Amino acid sequence: MSLSELIWGGVGFLLTVMVLSYLIGDNFFFRLAAHLFIGLTAGYLVVLIVHHILYPYLITPLATHSWMEALWLGIPLLLILLLVLSQIPKLAGLGSIPLAFLVGLTAAVAIGGAVFGTLIPQVRSLIDAFDPAFWYQAAERPWLRIVDSALMLVGAVTTLSFFHFGRKWRVDKKEQVVERPRILEILSKVGQIFIGITLGAVFAGVFSSALLALIDRIAFIVDFIAGLVGGGG
Amino acid sequence: MIVICPECGAENSLTAEVCQECGASLLGVIPSPSSEPLEPEGDDLDLFAQDDPDLPDLLNALKQYEEVSDDGGEEQEPTPDSPKESVKNPLDFNAGEDEDSIPEWLKRIRKRAHEEKDAIGEITRKINTAQERLESEKNGNKRKQYESYLQRLRGQKRGIEEQLGEHHESSKDDLDWLSKIKKAEGKHSDTYQEDQPSIDERQGDSLLQWLVAVENGDEAPEPLSEMEEEFVERHRGETLPTRISSQEPDLESTQPMSRDELEFKPPELSISSEEQAQADQLAATIVDERASRPDRQPKRAPLKWVMRLVLGLILIAGLSFPLFIGGAPTLPQGLLQPQNEALLYWAREVPAETSLLLVFDYSAGYASEIALVARPILKEAIKQGSAITLVSSTPSGSLLAKRLFGELDASAAYKVTDYGYFPVAAYGAYGMASGGFSEDALLDVPEMGKPLPSDGFDGVLILSDSFEGAQVWIEQISSLMPEIPLNLVVTAQAGPMLLPYWESGQVNGMVSGLSEAAGVERALSDGESVATRWRSYQTGLLILIAVLVIGAIFNTDTRGADRRRGEE
């Protein structure tokens, strides 16, 4: 074990033990580790943004390209300036321009991706699941595919019904009733079962990932101690 | 309505053309309303109902009362709300009258009288003489009235004291609230007066207890505080309450009260049945508040602390022993899923000198899990002369990529181009999927960063620890570059939500979590990284399930206990 490995291994060992000390409740060592983590992350992020984004994509082109080409960089430069000026209370309104630009662009990209990357392909997949050619694609147990397709359809419809928030309209009295239509109530009850199973699976996955992280940390601690006791072997 | 003579001020009837006193012409004189004094509105002399019932106000109210009595003949008591103008002497020139309400003729007369002493007419002299006489008579009457009023007050006070004294002696035990408070003090009512502490010794005593002391008649007035002393010194001779000097002939003359006179005089106590009921309730509350209660020690807090520590140590021990004792187990069969097989097939079939895009979308906490899953896949996929492009949508992505490639130990030579960190994953995914900056960019925009492969990518591999992070990349790449095979290497927590993308064909293949990684490792027969952790992983899952079940049982019991406590 080299000196560098010993030092950084020791730091990692101490920080791991400090985080695990939360087992006995919130304490100084746990808070110290948490603050250290937050502070280091923030500092690293600032350096990363300056070094990997601002410098290569803004400062270098401004310095090396012609002024006609660099003119395009005036737009992000202006947006940055407005965002910085918004920190002054009297000029807080200026920050809404870059934020509006950012939110609008994000929404446009995200909505486009959601529609063409999730909604349409998933609906098409659900429709294709009822293609008889798909059922008999595999030679054995075609009924299993039929059941699988039916379950997918029921799951999709009932889950969407659970998130339906319409109200009943009583035509004869021309008034809205607070409760949903009866059929939607029944479908949403079934949808709750599918949502529960999905969330259960996600919960189990979170547990599994956390458990693996803990196993990795224990293995690291034992390896470090074994390395110290074994004289760096 | 009357007509007032502009020359002498005499009152004449409305029809008179000349003054009946001086004979002056009354033509053109505007009639005035009758000068009869207004009746006071109130019937009772409610002196103590005033906001600030100090002695000067009391005397003023009494003065008004007497003036009304003098004018009206019949004794009527003014209320605090009755206007002062209603009892004002009409002959008093110096009274604070409203200038607008004074008739023009009267102003002229007054002005003339002030400017020319000799010009005072006979009537004016008579008025002044009558006024002086009236003042002296009134002073005498006022003194008599004050004296009789004070005598009446003293008589009432003596009567109340006698009644209270008789009541106190005859029915001393009937004062329940008094005896309760005395009992709360730990003394019997009979012996209460003997060893009663002074008011200074009893810290936190309530107003009720002070009233009790006053009722017993043995409580000395409380000395003035420093602030009160300051106030008295500052306002001495200015606005302090004044007293009536009985030696002075002029009853309205006042002089400041001395400090001794300012000392607090305990009020006389008369308690109605309603007040006594309230006092009884207050006394019961005081007794209840001062009653000693057993100290409740929080018993569950240390238990929770110990339980947490014990369970944590059991979990760590349970994970540690399988990790280092008994060697690596053989991985079970049947762990490989269809989506895993699809990914393995793609990794094996990737040709040499291909261009791969690797997206690092996981944080350092999940690095070990991603490394366990991704390492065998990358070893299969990276061939001789591969061009690998790295993109990170987490700040630590570049560092984690370096670590992963450092552990890869691939024998083939390959080229890595790191595009670094994309702060907004959606923009990064959109930019990458739409061809990057170099191809579709506007002509005059400077080329930013490194150019993307001109022929596009032969495959994309997303390494992610969250559903949302992977979803952004899947949506953009599958919609903008549907022909490029997209593969996922994700953690167990992201896997279940991403599976529909494999079902729909948007994702070519995927591996998630340790169990699927175990299947891949077994299929590839490559290393024991997963196998060494497999038994520990299973033990940990067993412990977690047991803790969840036990916790659910205890939690249900706690809820039941809380409900029962609430019902009680």
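Here the structure is a predicted model, which is why all the values come from computation and not from measurement.

Participant: How do you make sense of the overall build of chain A when you look at a structure like this?
Facilitator: Helix and strand counts for chain A stand at eight helices and two strands. Moving toward the C terminus, one meets the helices and strands of chain A in the order α-α-α-α-α-α-α-β-β-α. A total of 233 residues make up chain A; the buried ones form 23% of that total. If you take every contact in chain A between residues at least 6 apart in sequence, the share linking residues at least 24 apart comes to 35%. When the accessible surface of chain A is summed, it comes to about 15700 Å², and 76% of that surface belongs to carbon and sulfur atoms.

Participant: Help me understand the environment of G113 of chain A, please; the structure alone is not making it clear to me.
Facilitator: For G113 of chain A, the location among the structural elements is in helix α5 (residues 96–128). The class for G113 of chain A is buried, based on a relative accessible area of 2%. Those residues within four positions of G113 of chain A in sequence are excluded, and the remaining contacts are T118 of chain A together with E475 and Q476 of chain B.

Participant: Just checking my understanding: could you explain the confidence of the model for chain A for this structure?
Facilitator: Atomic detail in the predicted coordinates should be set aside for any region of low pLDDT. Residues of chain A with pLDDT of at least 70 account for 94%, and the chain-wide mean is 87. Within chain A, strand β1 (residues 168–170) of chain A has the poorest average pLDDT of any element, 67, and α5 of chain A the best, 91.

Participant: Can you help me understand the pattern of salt bridges in this one?
Facilitator: Pairs can form between side chains of opposite charge whenever their charged atoms are close. Applying the stated criterion across every chain, the model contains five salt bridges over all chains. A salt bridge links R217 of chain A to D216 of chain A; the shortest N-O distance between them is 3.9 Å. Judged by relative accessible area, which is 16%, D216 of chain A ranks as buried. For E407 of chain B, the salt bridge goes to R403 of chain B, with nearest N and O atoms at 3.6 Å. Here E407 of chain B pairs with R403 of chain B, and both are found in helix α12 (residues 397–408), just four residues apart, close to one helical turn. For R403 of chain B, a relative accessible area of 45% gives the class partly exposed. In this structure, a network of salt bridges that share partners links the residues D216 and R217 of chain A together with R533 of chain B.

Participant: Help me understand the interface of chain B and chain A in this model?
Facilitator: Note on interface size: it is often stated as the accessible area lost on association of the parts. Taken together, the contacts link 54 residues of chain B with 45 residues of chain A. Roughly 4400 Å² is buried in total at the junction of chain B and chain A, and carbon and sulfur atoms are behind 71% of that figure. Along the contact surface separating chain B from chain A lie one salt bridge. The interface formed by chain B and chain A holds 16 residue pairs in polar contact (both at pLDDT 80 or more) in total.

Participant: Any chance you could explain the packing of helix α13 (residues 425–433) of chain B against helix α15 (residues 467–480) of chain B here in plain terms?
Facilitator: Each pair of packed helices can be summarised by the angle the axes make with each other and by the distance between the axes. Residue and element names in this part refer to chain B. In contact at an axis separation of 9 Å, α13 and α15 are set at 20 degrees when each is read in the N-to-C sense. Judged on the interaxial angle alone, α15 and α13 are roughly parallel. Both α13 and α15 take part in a crossing whose hand is right-handed. Contacts between α13 and α15 involve A425, A426, G428, A429, Y430, M432 and A433 from the former and V472, W473, Q476, I477 and L480 from the latter. When grouped by side-chain class, the residues that make up the contact of α13 with α15 number ten nonpolar, two polar and no charged.

Participant: Mind showing me how you'd approach helix α16 (residues 495–503) of chain B here?
Facilitator: All buried positions along α16 of chain B are accounted for by G495, L498 and Y501 of chain B. Down the axis of α16 of chain B, the smallest arc covering the buried residues is 100 degrees, so these residues share one side. Among the structural elements, α5 of chain A together with α15, β9 (486–490) and β10 (509–512) of chain B are those in contact with the buried residues of α16 of chain B. Once α16 of chain B ends, the next one or two residues include G505 of chain B, with phi positive near 90 degrees.

Participant: Would you mind going over the pairing of strand β8 (residues 459–464) of chain B with me for this structure?
Facilitator: Look at any regular strand and the pattern is simple: side chains alternate between the two faces of the sheet. Residue and element names in this part refer to chain B. Most of β8 sits inside the fold, with six of its six residues counted as buried. Across the two faces of β8 the burial is the same, with G459, L461 and L463 and V460, I462 and S464 all buried. With six bridges connecting them, strand β5 (residues 355–361) and β8 associate as parallel partners. Along β8, the bridge assignment pairs L356 with G459. As paired strands, β8 and β9 are joined by five bridges and run parallel to one another.

Participant: What's the story with the packing of aromatic side chains in this structure? I'm lost.
Facilitator: Geometrically, a pair of aromatic rings is defined through the distance of the ring centres and the angle of the planes. All names here are of chain A. One pass over the structure, following the stated rule, counts ten aromatic pairs over all chains. A centroid spacing of 5.4 Å and a plane angle of 25 degrees characterise the contact between F13 and F224, whose relative ring orientation is stacked. Of the two residues, F13 sits in helix α1 (residues 3–20) while F224 sits in helix α8 (residues 182–229), which places them 211 residues apart along the sequence. For the pair F28 and F29, a centre-to-centre distance of 5.5 Å together with 70 degrees between the ring planes defines the contact as edge-to-face.

Criteria and thresholds
- Residues numbered from 1 in each chain as written.
- Chains lettered and ligands numbered in written order.
- Predicted model: local features only at pLDDT ≥ 70, side-chain atom pairs only at ≥ 80, totals over all residues.
- Heavy atoms only, no water.
- Helix = DSSP H or I, 4+ residues; strand = E, 2+ residues; numbered from the N terminus.
- Buried < 20%, exposed > 50% of the residue type's maximum accessible area, 1.4 Å probe, protein only.
- Contact = heavy atoms within 4.5 Å.
- Areas by Shrake-Rupley, 256 points an atom, 1.4 Å probe, with all protein chains shown as cover.
- pLDDT = per-residue confidence, 0-100.
- Salt bridge = Lys/Arg side-chain N within 4 Å of Asp/Glu carboxyl O.
- Buried area = accessible area lost by both parts, 1.4 Å probe.
- Polar contact = N/O pair within 3.5 Å; in protein donor to acceptor, adjacent residues only side chain to side chain.
- Axes fitted to C-alpha atoms, helices over the stretch in contact; angles between N-to-C directions.
- Parallel < 35°, antiparallel > 145°, perpendicular 65-115°, else oblique.
- Left-handed = near helix turned anticlockwise from the far one by under 90°.
- Nonpolar A, V, L, I, M, F, W, Y, C, P; charged D, E, K, R; others polar.
- Arc of directions from axis to C-beta.
- Pairing = 2+ DSSP bridges.
- Phe/Tyr/Trp six-rings, centres within 6.5 Å; stacked < 30°, edge-to-face > 60°.

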